[in-house]
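Single-letter residue listing:
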Amino acid sequence: MFVRLCVVASLLGPATALAADPVHNVISHEDPYALNDDDAGVSYDATDIKSSEALVSWQEKAEAFVHAVAVTNTGDEIEFRLVEVTGSDNDQIDGLFDVYKNGSLLCDDCIGSAYGLDQTAAAGNYFKLYVGTATAYAEDWLFAGVITDRHDY
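Treat the numbers as computed from the prediction; the structure is a model and nothing was measured.

Draft legend 1. Summary view of the state of the cysteines. All chains considered together, the criterion is met by one disulfide. Bridging Cys 107 to Cys 110, the disulfide has an S-S length of 1.9 Å. What sets the handedness of the Cys 107 and Cys 110 disulfide is the S-S torsion sign, and at about -115° it is left-handed. Per residue, the accessibility class of Cys 107 equals that of Cys 110, and both read buried.

Here's what the structure looks like:
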C-alpha cells in the first residue's frame, strides 16, 4: 500500500506543477487583422497586408516565445521578436521586443505586450501585440492577428 501511495504521489507531483503554471500556444496563420508601422507612420488593415504569420508559446509566469511577421502589399516586412519576458498569465505576455523592418532593427529591447491571447480559435477572435519604445510602453508598433489555432496543456 505504501509503495502504491508513493507512486501515486510521484505522479501527482509533476501534474500539480504543470497545473499551477499552464502552457499555451496561439497561432495566427495567413489571416492578418492589422499592422502599424511606426517608422513610416502608417496603419494597415487586413486588405493592405499580403501575408502574416505569428506563433506565441508560453508557460505562465515562466518562459515565452513570440515571433510575428507581416508583409504589406507594398512589400515591406515588419517582424516582431520577444527578447525578454517581464510577466505573463493566461491572456497576456509583457516583455521587451525587437522590431525589424525589411531586416533592419528599428526598435531594440522596446517595451511591449501581447494580449487577447486567451480567446479560442473562433471566427473573428484576434490578439494584439503592441510595442512602444525602449523607455516606455506605447501603442506605436502593432501586429494584430486572427487566432487560427490555440492549444492549452
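Now, onward.
Draft legend 2. Quick peek at the nonpolar core. Ranked by size, the top nonpolar core spans 26 residues in total, and within it Phe 80, Val 131 and Phe 143 carry the most contacts. At the level of elements, strand 4 (49-59), strand 5 (64-72), strand 6 (77-88), strand 7 (92-101), strand 8 (104-115), strand 9 (126-131) and strand 10 (141-146) are the ones that each hand at least two residues to this core. Ranked by residue count, the leading element in this core is strand 4, at four residues. Sequence-distant contacts of Phe 143, that is, excluding residues within four places in its chain, are made with Ala 34, Leu 35, Ser 52, Glu 53, Ala 54, Ala 68, Val 69, Ala 70, Phe 80, Phe 127, Lys 128 and Leu 129.

Draft legend 3. Molecular detail of the pattern of salt bridges. One pass over the structure, following the stated rule, counts four salt bridges. The partner of Lys 101 in a salt bridge is Asp 37, and the shortest N-O contact between them spans 2.7 Å. Pair noted here: Lys 101 is in strand 7 and Asp 37 is in strand 2 (residues 32-37), with a separation of 64 residues, a long-range link. Here Lys 101 matches Asp 37 in class, with each residue buried. Its salt-bridge partner being Arg 81, residue Glu 79 comes within 2.9 Å of it at the nearest N-O pair. One network of salt bridges, in which partners are shared, links Asp 37, Asp 39 and Lys 101.

Draft legend 4. Highlighting unusual backbone geometry. One non-glycine residue, Lys 61, lies in positive phi territory at about 60°. Relative to the helices and strands, Lys 61 is located in the loop between strand 4 and strand 5. Backbone geometry places Asn 102, a non-glycine residue, at a positive phi of 50°. With respect to the helices and strands, Asn 102 occurs in the loop between strand 7 and strand 8.

Draft legend 5. Representation of the environment of Ser 104 in the model. As for its placement among the helices and strands, Ser 104 is situated in strand 8. Assessed through its relative accessible area of 40%, Ser 104 is described here as partly exposed. The spacing of Ser 104 and Ile 78 is 26 residues in sequence and 9.5 Å in space, taken between C-alpha atoms.

Draft legend 6. Here's a closer look at the side chain of Asn 25. Within the secondary structure layout, Asn 25 lies in strand 1 (residues 23-29). One polar contact links Asn 25 to Ser 57, side chain to side chain, over a distance of 2.5 Å. Ignoring anything within four residues of it in the chain, the contact list for Asn 25 reads Val 56, Ser 57, Trp 58, Asp 149, Arg 150, His 151 and Tyr 153.

Draft legend 7. Up close: the sheet that holds strand 10. An order of 3-2-10-9-8-7-6-5-4-1-11 is seen for the 11 strands of this open sheet, with the pairing classed as antiparallel. The outermost strands of the open sheet, each flanked by one partner alone, are strand 3 (42-45) and strand 11 (149-152). Adjacent strand axes in the sheet meet at a mean angle of 15°, parallel and antiparallel pairs treated alike. With seven bridges connecting them, strand 1 and strand 4 associate as antiparallel partners. Residue pairing in the sheet places Val 26 in a bridge with Val 56 of strand 4.

Conventions used here
Residues numbered from 1 in each chain as written. Predicted model: local features only at pLDDT ≥ 70, side-chain atom pairs only at ≥ 80, totals over all residues. Heavy atoms only, no water. Disulfide = S-S within 2.5 Å. Buried < 20%, exposed > 50% of the residue type's maximum accessible area, 1.4 Å probe, protein only. Core = buried A, V, L, I, M, F, W, Y, C linked by side-chain atoms within 4.5 Å. Helix = DSSP H or I, 4+ residues; strand = E, 2+ residues; numbered from the N terminus. Contact = heavy atoms within 4.5 Å. Salt bridge = Lys/Arg side-chain N within 4 Å of Asp/Glu carboxyl O. Polar contact = N/O pair within 3.5 Å; in protein donor to acceptor, adjacent residues only side chain to side chain. Pairing = 2+ DSSP bridges. Axes fitted to C-alpha atoms, helices over the stretch in contact; angles between N-to-C directions.

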